[in-house]
Amino acid sequence: MSAFQFGSAVRSAPSLSEKLVKLQAMLNQRRDRLIFVADFDHTLTTMHSSQCHDPICYNPLLPTDFHKGCTKIMNTPMSDWNQWWLLCHDYVVREANLTANLFRDGLNSFDFQFRDHCHELFHTLHTENIPSFIVSAGVQNVIEEVIAREGLPVGQHVQFFTNRMVFDEEDRLQTFEPPLPVTSQTKCRLPVHLPDLFAQTVPAHATTTTSSVDTSSEATETTAAETPKYDVALVLGDNVWDFSVLKDLPHFETINVGFATHEEKADTLMEKGNCDVVLIGSHHDMQPVAALLRYLLDADSSSDATTTTTA
């Protein structure tokens with residue numbers, strides 16, 4: 001098969017080609033071992049897009065004094081990131097008097113821009129029924145609403161690990177879940193959040209063992225070992241922490257694809273985020289990722305999978 005080419009404005013690890021060959025072989029053996037993991041803000045969306053907490057903290061239908069309170073919390077130095085999320089969410093519940101309708105109406109004032117070719121990527125994930133996880137320190141209600149408005153194809157194969165607003169029977173905001181907020185530093189709890197899924201196994205290839213029965217004869221028996229069902233992942237992010245999601249599952253082989261606005265950020269993602277590839281530029285689209293996914297899945301194809309992109 002022809003080597004995959006990402007195109008321009010790309011930084012890649014020297015070992016990338018070798019890794020792609022290995023993953024192609026694994027997926028050619030069993031396609032259902034692949035999962036997809038992505039951050040939301042500034043990963044699926046552009047670098048200039050609104051972010052998840054914006055429509056809540058700066059909803060134009062809420063009082064200006066409430067906005068000022070949110071800004072004060074955001075500008076307060078905190079040693080523990082969990083503390084910021086807890087204080088912010090508690091303040092919103094206590095002071096916003098937010099309803100589901102106010103939330104949805106206020107969302108209209110914000111500009112969430114998905115990267116070009118996100119539809120192509122999500123179409124492949126949907127048609128191939130690839131388990132997909134949006135892992136975000138943002139807010140699930142916002143993510144689901146903007147995905148629906150964009151018309152991205154999602155189904156039961158898509159799951160969220162993020163913070164979520166819970167409204168009561170009168171549609172008033174009651175609380176945020178989970179109690180321990182999802183922050184950049186707690187994204188690695190995804191396997192804890194979905195233990196049954198990540199505990200699934202499939203039979204490995206049969207192995208033959210020999211055991212002595214007595215000094216004059218030997219008996220052989222064949223055992224089918226178990227191996228994790230999911231062990232290959234395509235992971236997207238724009239922050240070092242985005243690539244910690246599967247760090248506690250060392251059996252995973254991952255392709256980490258980062259997004260950076262400039263070379264210095266790309267260096268950080270390559271060195272500290274263990275990225276295999278970083279797409280550089282504030283307007284970089286999702287075409288290389290969509291093409292990479294098809295390339296990995298079409299391991300038996302002999303066609304070129306070349307992409308040309310600009311920063």
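A brief structural summary. These numbers come from a predicted model, not from an experiment.

What counts and how
Residues numbered from 1 in each chain as written. Predicted model: local features only at pLDDT ≥ 70, side-chain atom pairs only at ≥ 80, totals over all residues. Heavy atoms only, no water. Buried < 20%, exposed > 50% of the residue type's maximum accessible area, 1.4 Å probe, protein only. Helix = DSSP H or I, 4+ residues; strand = E, 2+ residues; numbered from the N terminus. Pairing = 2+ DSSP bridges. Right-handed = clockwise from strand over helix to strand, strands pointing away.

### Observations regarding the pairing of strand S2 (residues 34-38)
Step number 1: Counting buried positions along S2 gives five out of five residues, so the element sits mostly inside the fold.
Step number 2: In S2, alternate side chains face the same way, and those of Leu34, Phe36 and Ala38 on one face and Ile35 and Val37 on the other are all buried.
Step number 3: Summarising the sheet, S2 and strand S8 (residues 232-237) pair through five bridges and their orientation is parallel. Residue pairing across strands places leucine 34 opposite valine 232, the latter belonging to S8.
Step number 4: Inspection of the sheet shows S2 paired to strand S3 (residues 132-139) by three bridges, in the parallel sense. Its bridge partner lying in S3, phenylalanine 36 is registered against serine 132.

### A few points about unusual backbone geometry
Step number 1: A cis amide bond links glutamate 177 with the next residue in sequence, proline 178, at an omega value of -5°.
Step number 2: Following the sequence through the fold, proline 178 ends up in the loop between strand S5 (173-177) and helix H8 (190-193).
Step number 3: With a phi angle near 65°, histidine 42 is a residue other than glycine that sits in the positive phi range.
Step number 4: Tracing the backbone through its elements, the reader meets histidine 42 in the loop between S2 and helix H2 (54-57).

### Notes on the pairing of strand S9 (residues 253-260)
Step number 1: Of all eight residues in S9, seven are buried, a share of seventy percent or more.
Step number 2: Pairing analysis gives six bridges linking S8 to S9, with the strands arranged parallel. Bridge pairing in S9 places valine 232 opposite glutamate 253.
Step number 3: Across four bridges, S9 lies against strand S10 (residues 277-280) in parallel orientation. Note that in S10 the partner of glycine 258 across the bridge is valine 278.
Step number 4: Chirality of the crossover, the property in question, places the unit of S9, helix H10 (residues 263-272) and S10 among those that are right-handed.

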